[in-house]
Amino acid sequence: MSTPDRRCELVYGYQHCVGRTQYHFGYAADEEAADCWARRKTRENGGRVRVPDADPVRWCPVGHCHMKRQRPWFGYLSADGRLTIRPPADE
């Protein structure tokens, strides 16, 4: 079992016209495992995850907002609070 000072929070979100959202996904034992999770989630199925009900994609008033068909970003928060985001595989 890893020590709490190495544990990373797994996060994902979307970039919207109203700003970037961020959601908790779980925890990884260390930064290497967190980075592996973020890379894998970015590659598989185009990074699809269930969109939370509170996400702006659900309530954005712009009918033809180009950001309603985006893929989520995946990353992690390291023990020191640094956010690392993995770009989509085709970027």
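For the structure given in this document, a descriptive report is provided here. (Residues numbered from 1 in each chain as written. Predicted model: local features only at pLDDT ≥ 70, side-chain atom pairs only at ≥ 80, totals over all residues. Heavy atoms only, no water.)

## A closer look at the overall build of the protein
Part 1: Secondary structure assignment for the protein yields two helices and six strands.
Part 2: Start at the N end of the protein and walk to the C end: the helices and strands fall as β-β-β-β-α-α-β-β.
Part 3: Burial analysis of the protein (91 residues in total) assigns 40% to the buried set.
Part 4: Look at the contacts in the protein between residues 6 or more apart in sequence, and 61% of them connect residues 24 or more apart.
Part 5: Counting only carbon and sulfur atoms, one obtains 50% of the accessible surface of the protein, whose full area is about 6000 Å². (Helix = DSSP H or I, 4+ residues; strand = E, 2+ residues; numbered from the N terminus. Buried < 20%, exposed > 50% of the residue type's maximum accessible area, 1.4 Å probe, protein only. Contact = heavy atoms within 4.5 Å. Areas by Shrake-Rupley, 256 points an atom, 1.4 Å probe, with all protein chains shown as cover.)

## Re the environment of V11
Part 1: Along the chain, V11 turns up in strand β1 (residues 8–13).
Part 2: Given the relative accessible area of 1%, V11 is considered buried.
Part 3: With 16 residues separating them in the primary sequence, V11 and Y27 have C-alpha atoms 8.7 Å apart.
Part 4: If we ignore the near neighbours within four places in the chain, the residues touching V11 are Q22, Y23, F25, W37, W73, F74, G75, Y76, L77 and L83.

## Quick look at the environment of T84
Part 1: You can see T84 is positioned in strand β6 (residues 83–86).
Part 2: Overall, T84 belongs to the buried group, its relative accessible area being 13%.
Part 3: Through-space distance from the C-alpha of T84 to that of V11 is 9.4 Å; in sequence the pair is 73 residues apart.
Part 4: Sequence-distant contacts of T84, that is, excluding residues within four places in its chain, are made with F74, G75 and Y76.

## Describing the sheet that holds β6
Part 1: Pairing is antiparallel across the open sheet formed by four strands, whose spatial order is β4-β1-β5-β6. Only two strands of the sheet have a single neighbouring strand rather than two, namely β4 (23–28) and β6. This sheet shows a mean twist of 25° between the axes of neighbouring strands, independent of strand direction.
Part 2: By the bridge criterion, five bridges tie β1 to strand β5 (residues 73–77) in an arrangement that is antiparallel. Each bridged residue has a counterpart across the sheet, and for E9 the counterpart in β5 is L77.
Part 3: The strands touched by helix α1 (residues 31–43) within the sheet are β1, β4, β5 and β6, with β5 carrying the most contacts at an inclination of about 170°. (Pairing = 2+ DSSP bridges. Axes fitted to C-alpha atoms, helices over the stretch in contact; angles between N-to-C directions.)

## So, the pattern of salt bridges
Part 1: Summed over the entire model, instances satisfying the criterion amount to four salt bridges.
Part 2: The partner of R39 in a salt bridge is D35, with the nearest N and O atoms 2.8 Å apart. Taken together, the residues span about one helical turn, with R39 and D35 both in helix α1 at a distance of four residues.
Part 3: Linked by salt bridges that have partners in common, D35, R39 and R86 make up one network. (Salt bridge = Lys/Arg side-chain N within 4 Å of Asp/Glu carboxyl O.)

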